[in-house]
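Observations on the model geometry
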Amino acid sequence: MDLEAVVQDLQSELGPAVLGVERACGEIGVLLAPQRVPAAAQRLQERHGFDLLIALTAVDYWPDEPRFALVYKFYSTSANALFGLRIPVPGTAPEVPTLENVFPNANWHEREVYDMFGVRFAGHSDLRRILMPHDWEGHPLRKDYPLGYEEVQYTFNFDEIDRRKPYATE
Amino acid sequence: MPAPPLEVSFNELKHLVSSRALEGDTLLLNMGPQHPSTHGVLRLLLELEGETVINCIPDIGFLHTGIEKNMEVKNYLQALVMTDRMDYLNNIGNNLVYCLAIEKLVDLDVPPRAQAVRVILTELQRIASHLVWLGTSSLDLAAMSTFLYCFREREIILDIFEMCSGQRMMTSYIRPGGIWRDLPDGFEEAVRQFLRLLPGRLRQYEALLTKNPLFLDRTRKIGVLTAQEALRLGVTGPMLRATGIAFDLRKAQPYSGYDQYDFDVPTATGGDTYDRYLVRMEEMRQSLRIIEQALNRLPGGAFISDNRKFVPPPRA
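Residues numbered from 1 in each chain as written. Chains lettered and ligands numbered in written order. Predicted model: local features only at pLDDT ≥ 70, side-chain atom pairs only at ≥ 80, totals over all residues.

Topic: the overall build of chain A
Across its full length, chain A holds four helices and seven strands. Start at the N end of chain A and walk to the C end: the helices and strands fall as α-β-β-α-β-β-β-β-α-β-α. Relative to the globule expectation of 15 Å for 170 residues, the C-alpha radius of gyration of chain A, 20 Å, shows a markedly less compact shape. By principal-axis analysis of the C-alpha atoms, chain A measures approximately 70 × 30 × 30 Å. Counting across all 170 residues of chain A, residues that qualify as buried make up 29%. (Helix = DSSP H or I, 4+ residues; strand = E, 2+ residues; numbered from the N terminus. Rg over C-alpha atoms; globule rule 2.2 N^0.38 Å. Buried ≥ 20, exposed ≤ 12 C-beta atoms within 10 Å, placed from the backbone.)

Here it is, written out as C-alpha cells:
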C-alpha cells in the first residue's frame, strides 16, 4: 500500500487542517488540527481500509506549548499497513472531538487519556475516569503531577509516621 | 468526617443501564471486585435476564499501579524490570516488546543467537499463559482437574525461566540489544523434554473438554463476536482469529526473525467461546513447532550486542 498516497489524499481532502507530515522509524503519519480528527479517521477507515484503531494515547510536553499531543495509530488488516495521526492540543482547556462514532473502541482509550492527562473529548458518551478512583484529584501522567510516595514505616518510627498520614487526621 | 466511598456509587453508573433494569424488569447484580473468579482485578455490574447476561458495566483500574509514571524517572535499563510486573502471565513478552521499542528507536542490532532465544522463550511464555487461561477458565466451569494439570505443566516452563534468569516470573531476561546472559547448561535438554511431554498432555486436556457436553453447553454460541464487530472494537489476538481473520503480527510484521520459522496461524469462524478455545489450543501446538525449529538451528556467537553506547560491558 502506498502510504504517501494516503498522505496526499488527506492533504487534498482536509486542506489546511493537515499541519505537516511525520516520518520516523519507518512509520508515517500526519500532524492534524484537533477539529478534523473524526473526518480524517473516517476517511482512513472508509477510503483506505484502515479498519483497526490500535492505539490512542497522549504525550505531555509541559512546559512547552502546545502542551499535549494525541497519538492515534490505525492499522489495515487487508494491506498490513500502519498509519499515524498526531494532534497538537493546547494546555489550557484541552479538548478534542471524540472518535467513538467511527471506532467504538475509542471510548475506553479516550476515557484513559482523560483520566491520565485531563484532555477532554467533546461528544463522548461516557467520559468518566477509568483507572483512577472516581473521586481522584488531578491527572497522574501530566508531567507537572508529582511522583507521590508513601513514607516507609519501621518498627521504631511506626507511630510517628502514622500520625502524619492523611487518614489519621479524620 | 466519614471516609468517601472507595467505589463508584450506582448513581454514577445509572445512565449506562437500560430502563428495564430501573423498572425492575431485569436484575442488576454486582460482581466483584472481591469475587473468586475476578481475583480482585475488576468489578462488573451485570444486568441479567434470567440466566443470560444482557449488559455489563465494567469498573476497572483496581490493579492500576502507575508503572508509566514510575518509568518517567528511570533510565531505559532501570525501567526494564517494571515491564515484568505488568502482567504475571506474559513477563518475557513484555520484556521483549519494551526492548524491541528501544531497539527500533536507537537502531540497535540484535545478534542472531539472542533473536532465536527470544523466540524460544516468548513462545514458551505463550504456552504458559495459555495454560493458565485453559486451567482457570475450565476451573470456572468446575473442571478442577484440568486446572491442576495445566498448572503442573506451567510449572515446568517456569522452571526453565528460572534456569535462565534466576526468577520464575520476574525474569528481566531480555535486555535492549540481546539477552542478559547466555543460556545455561541443560537448557536445551529441559526444553526438548518439555517439547516431548506437552503434545500428549494437550491430547489429555482435549479428551477432557473438547467433546464434553457440559463444556460445550457453556462455551458454544456464548459470547459471539463477528469479524466486523471485533475489528470495530479493536479486538486482536486469538479472539480476532476466532472470528475468521488470520491476523497475526508474527506473520504480518515479523520481528525477532519470525519470518524464518514455519508455522500456521490457526483460525476459526464461529467467533464464540468454543472457537476461541479451539484457536488457543492449536496455537500451543504451533508454538511447540516454532520452539523446535528455533532450537534445532540455534545459532552460536554473541548473545548481546557489543554496542557500548547502549549495552553495559561484561563484568568479568
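Some remarks on the overall build of chain B
A tally of helices and strands in chain B yields 13 helices and five strands. In terms of overall dimensions, chain B has a C-alpha envelope of 70 × 55 × 35 Å along the principal axes. A total of 316 residues make up chain B; the buried ones form 29% of that total. Considering only intrachain contacts with a sequence separation of at least 6, the fraction spanning at least 24 residues in chain B is 63%. (Contact = placed C-beta atoms within 7 Å.)

Considering the environment of B:Leu148
Residue and element names in this part refer to chain B. Mapped onto the elements of the fold, leucine 148 is located in helix H7 (residues 144–165). Since 11 C-beta atoms lie within 10 Å of it, leucine 148 is described here as exposed. When the C-alpha atoms of leucine 148 and threonine 136 are compared, they prove to be 9.3 Å apart, with 12 residues separating the residues in sequence.

Topic: helix H3 (residues 106–117) of chain A
Residue and element names in this part refer to chain A. Between its terminal C-alpha atoms H3 stretches 16 Å, which fits the 16 Å expected from 12 residues at 1.5 Å a residue. For H3, every residue scored as buried is listed here: Ala106, Asn107, His109, Glu110, Glu112, Val113, Tyr114, Asp115, Met116 and Phe117. Looking at the residues trailing H3, positive phi occurs at glycine 118, about 75°. (Expected span 1.5 Å × (residues − 1).)

What to know about the packing of helix H4 (residues 76–84) of chain B against helix H5 (residues 91–106) of chain B
All names here are of chain B. Where H4 contacts H5, the two axes come as close as 8 Å, and the packing angle between them is 150°. As judged from the angle between their axes, H4 and H5 are roughly antiparallel. Read as a crossing pair, H4 and H5 show a hand that is right-handed. Note on element contacts: H5 touches H4 through Asn91, Asn94, Asn95, Tyr98 and Ile102, opposite Tyr76, Leu80, Thr83 and Asp84. Residue composition of the contact of H4 with H5, by class: four nonpolar, four polar and one charged. (Axes fitted to C-alpha atoms, helices over the stretch in contact; angles between N-to-C directions. Parallel < 35°, antiparallel > 145°, perpendicular 65-115°, else oblique. Left-handed = near helix turned anticlockwise from the far one by under 90°. Nonpolar A, V, L, I, M, F, W, Y, C, P; charged D, E, K, R; others polar.)

Re the interface of chain A and chain B
The accessible area lost on association of the parts is a frequent measure of interface size. At the interface, 21 residues of chain A touch 25 residues of chain B. In terms of residue class, the side of chain A that touches chain B is built from 13 nonpolar, four polar and four charged.

A few points about the sheet that holds strand E4 (residues 68–76) of chain A
Residues and elements named next belong to chain A. Within the open sheet, the five strands sit side by side as E1-E2-E5-E4-E3. Their pairing is mixed. Of all strands in the sheet, those bounded by a partner on one side alone are strand E1 (18–24) and strand E3 (52–60). When strand polarity is set aside, the average angle formed by the axes of neighbouring strands in this sheet is 20°. Sheet topology note: the E3/E4 ladder contains eight bridges and is antiparallel. When the sheet's bridge partners are listed, leucine 52 is paired in E4 with tyrosine 75. In the packing of helix H2 (residues 37–48) onto the sheet, the strands contacted are strand E2 (27–32), E4 and strand E5 (81–89), and the crossing angle to E5 comes to about 170°. (Pairing = 2+ DSSP bridges.)

A word on the pairing of E5(A)
Residue and element names in this part refer to chain A. By the bridge criterion, three bridges tie E2 to E5 in an arrangement that is parallel. Bridge pairing in E5 links leucine 31 to arginine 86. What sits between E4 and E5 in their antiparallel hairpin is a turn of four residues, with asparagine 80 showing a positive phi close to 50°.

Here's the deal with the sheet that holds strand E3 (residues 52–59) of chain B
Residues and elements named next belong to chain B. One open sheet holds the three strands; their spatial order is E1-E2-E3, and the pairing between them is antiparallel. The outermost strands of the open sheet, each flanked by one partner alone, are strand E1 (27–31) and E3. Going across the sheet, the axis of each strand differs from the next one's by a mean of 20°, ignoring polarity.

Comments concerning the pairing of E1(A)
Residues and elements named next belong to chain A. Note that E1 and E2 share six bridges and pair antiparallel. By the bridge assignment, valine 18 is partnered in E2 with leucine 32. The antiparallel pairing of E1 with E2 creates a hairpin that spans two residues between the two strands, and cysteine 25 there sits at a positive phi of about 50°.

Structural notes on the nonpolar core
Ranked by size, the top nonpolar core spans 42 residues in total, and within it A:Val37, A:Leu70, A:Phe74, A:Val113 and A:Val119 carry the most contacts. Elements that contribute at least two residues to this core include exactly helix H1 (3–14), E2, H2, E3, E4, E5 and H3 of chain A together with helix H10 (227–232) of chain B. With six residues, E5(A) is the single largest residue contributor to this core. Those residues within four positions of A:Phe74 in sequence are excluded, and the remaining contacts are A:Leu44, A:Phe50, A:Leu52, A:Leu53 and A:Phe83. Counting residues in each nonpolar core, the second largest holds 38 residues, with B:Val119, B:Tyr173, B:Ile174 and B:Leu288 among its members. (Core = buried A, V, L, I, M, F, W, Y, C linked by C-beta atoms within 7 Å.)

Some points on H1(A)
With 12 residues, H1(A) ought to run about 16 Å at 1.5 Å a step, and its terminal C-alpha atoms sit 16 Å apart, in line with that. Two residues or fewer after H1(A) comes A:Gly15, characterised by a positive phi angle close to 60°.

A short note on unusual backbone geometry
Note that the residue after A:Trp62, namely A:Pro63, is joined by a cis bond; omega there is 5°. Positionally, A:Pro63 belongs in the loop between E3 and E4. The step from A:Glu65 to A:Pro66 runs through a cis peptide bond, and the omega angle for that step is 0°. Along the chain, A:Pro66 turns up in the loop between E3 and E4. The phi torsion at B:Ser172 lies on the positive side, around 50°, for a residue other than glycine.

Focus on the confidence of the model for chain B
A low pLDDT score tells you not to read the predicted coordinates there in detail. Residues and elements named next belong to chain B. Across chain B, the average pLDDT comes to 90, with 97% of residues at 70 or higher. Of all secondary-structure elements in chain B, the lowest mean pLDDT belongs to helix H1 (residues 10–13), at 74, while helix H13 (residues 273–296) reaches the highest, 96. Across the interface, the model reports ipTM at 0.86; the global pTM reads 0.90. (pLDDT = per-residue confidence, 0-100.)

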